[in-house]
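# A look at the structure
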Amino acid sequence: MLSLDSRRWSELRHCYGPAANTPELLKALERSAGPTAARDAEPWFSLWSSLCHQGDIYPASYAAVPHVVRIALTTATPIDFSFYQLPACIEVSRKAGQGPEIPPDLHEAYQQAIASLTECVSVHRHEAWNRSTFLSASAAQAVAKGHIDIAEALLNLDDDIIARINNFDFD
């Protein structure tokens with residue numbers, strides 16, 4: 001896993017250029033891992049917009065995922081649904097070709113983090129989950145087990161689609 005103090009972050013890119021600010025965002029996330037009420041709450045807003053911008057991902061995305069998963073695994077209190085959703089979305093985007101190849105020096109830590117998403121779900125399984133957390137955790141498990149198409153479907157579910165499925169309304 002790339003150290004948050006590594007100079008390599010300045011060489012990695014995210015949506016807005018060099019990813020030198022990403023370690024500070026991850027440190028802020030570690031200090032405040034609980035669920036957020038607002039969609040534009042920091043540091044999640046900046047992490048999402050720079051690492052998975054409209055489905056596009058970047059080398060810094062691969063470096064950040066192991067830290068997101070590490071924080072989720074080591075947080076003893078309830079966590080925000082984005083701990084599941086961001087890594088799942090990055091992996092779905094990677095498999096869809098919406099980003100570069102994983103840099104060789106980041107490959108092993110990234111793959112281990114994706115595989116650890118099932119453990120992350122297990123660690124937090126006894127918490128009360130709202131719908132967003134449940135769908136994101138389910139998508140994270142699907143990604144970890146290699147079911148990318150199912151993960152993508154889960155990430156796209158909303159109340160309207162769920163109602164249409166339950167009513168067999170496919171028109």
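This structure is a prediction, so every number in the text was calculated from the model and none was measured.

## Overview of the side chain of histidine 67
Here histidine 67 lies in helix α4 (residues 59–74). Engagement of the side chain of histidine 67 in a polar contact is seen with the backbone oxygen of leucine 2, the distance being 2.6 Å. If we ignore the near neighbours within four places in the chain, the residues touching histidine 67 are Met1, Leu2, Leu4, Trp9 and Leu26.

## Focus on the nonpolar core
Judged by nonpolar contacts, the single largest core of 50 residues is most densely connected at Trp9 and Phe83. Of all elements in the fold, only α2 (22–31), α3 (44–51), α4, α5 (82–95), α6 (104–115), α7 (117–123), α8 (131–144) and α9 (148–156) reach the threshold of two or more residues within this core. If we ignore the near neighbours within four places in the chain, the residues touching phenylalanine 83 are Leu29, Ala33, Trp44, Val68, Ile71, Ala72 and Leu117.

## Section: the pattern of salt bridges
Considering all chains together, one arrives at 8 salt bridges under this definition. Here arginine 8 ties to glutamate 11 by a salt bridge, and the two come within 3.7 Å at their closest N and O atoms. Separated by 3 residues within a single helix, arginine 8 and glutamate 11 lie in helix α1 (residues 8–11), roughly one turn from each other. Note that aspartate 105 is salt-bridged to arginine 8, the shortest N-O span being 2.7 Å. Taken as a pair, aspartate 105 in helix α6 and arginine 8 in helix α1 lie far apart in primary sequence, 97 residues in all. Judged by relative accessible area, which is 48%, aspartate 105 ranks as partly exposed.

## Quick word on the packing of α2 against α4
In contact at an axis separation of 10 Å, α2 and α4 are set at 10° when each is read in the N-to-C sense. In terms of orientation, α2 lies roughly parallel with respect to α4. Along its contact with α2, which presents Thr22, Leu26, Leu29 and Glu30, the element α4 presents Ala64, His67, Val68, Arg70 and Ile71. Residues that form the contact of α2 with α4 fall into these classes: 5 nonpolar, 2 polar and 2 charged.

## Topic: the packing of aromatic side chains
For any pair of aromatic rings, geometry is given as the distance between the ring centres together with the angle between the planes. This model, assessed by the stated rule, comprises 4 aromatic pairs. Cluster of aromatic residues (ring-pair linked, three or more members): Tyr84, Trp129 and Phe134.

## Focus on the side chain of serine 49
If you trace the backbone, serine 49 turns up in helix α3. At 3.3 Å, the side chain of serine 49 and the backbone oxygen of serine 46 are in polar contact. Dropping the residues within four chain positions of it, serine 49 is found in contact with Cys15 and Tyr16.

## Considerations on a nonpolar patch on the surface
There is a patch of nonpolar side chains on the surface, built from Ile165, Phe168 and Phe170 and spanning about 380 Å² of accessible area. You can see phenylalanine 168 is positioned in the segment after α10 (159–166).

## Thoughts on unusual backbone geometry
Phi is mostly negative for residues that are not glycine, and the peptide bonds are mostly trans. Following glutamate 42, the chain continues into proline 43 via a peptide bond in cis, with omega recorded as 5°. Tracing the backbone shows proline 43 in the loop between α2 and α3. For glutamine 54, which is not glycine, the phi torsion reads 50° and is therefore positive. With respect to the element layout, glutamine 54 can be found in the loop between β3 (52–53) and β4 (56–57). Note on glutamine 54: relative accessible area 72%, which makes it exposed. Backbone geometry places phenylalanine 168, a non-glycine residue, at a positive phi of 50°. We classify phenylalanine 168 as exposed; its relative accessible area is 66%.

Cut-offs used in this document
Within each chain, residue numbers correspond to sequence positions counted from 1 in written order. For this predicted model, a pLDDT threshold of at least 70 governs which residues receive local features, and a threshold of 80 or more governs which side-chain atom pairs are given and counted, while totals over whole chains, interfaces and linings are taken from all residues. Computation of side-chain values: all heavy atoms of the structure, hydrogens and water removed. Counting from the N terminus, the helices are DSSP H or I runs at least four residues long and the strands are E runs at least two residues long. Any pair of nitrogen or oxygen atoms within 3.5 Å is treated as a polar contact; in protein, a donor-acceptor pairing is required on top of that, and neighbouring residues in sequence qualify only through side-chain atoms on both sides. Whether two residues are in contact is decided by their heavy atoms, any of which lying within 4.5 Å being enough. Here, the term nonpolar core denotes a set of buried Ala, Val, Leu, Ile, Met, Phe, Trp, Tyr and Cys residues that are joined through side-chain atoms within 4.5 Å. Each residue is placed in one exposure class: buried if its accessible area under a 1.4 Å probe, protein chains only, is under 20% of its type's maximum, exposed if it is over 50%, and partly exposed if it falls in between. We count a salt bridge whenever a side-chain nitrogen from Lys or Arg sits within 4 Å of a carboxyl oxygen from Asp or Glu. Angles here are taken between N-to-C directions and fall from 0 to 180 degrees, while the axes themselves are lines fitted to C-alpha atoms, restricted in helices to the stretch in contact. Just so you know how the angles are binned, under 35 degrees is roughly parallel, over 145 roughly antiparallel, 65 to 115 roughly perpendicular, and the rest oblique. The residue classification treats Ala, Val, Leu, Ile, Met, Phe, Trp, Tyr, Cys and Pro as nonpolar and Asp, Glu, Lys and Arg as charged. All others, Gly included, are polar. Ring pairs are drawn from Phe, Tyr and Trp, using the six-membered ring of Trp, whenever the two centres fall within 6.5 Å, and their geometry is named by plane angle: stacked under 30 degrees, edge-to-face over 60, tilted for the rest. Exposure above 30% relative accessible area and no salt bridge define the residues that can form patches, which grow by joining like charges within 9 Å and nonpolar side chains of Val, Leu, Ile, Met, Phe, Trp and Tyr within 5 Å. Surface accessibility in these figures is a Shrake-Rupley result with a 1.4 Å probe; residues are shielded only by whichever protein chains are displayed.

Limitation: the analysis is restricted to geometry and does not speak to function.
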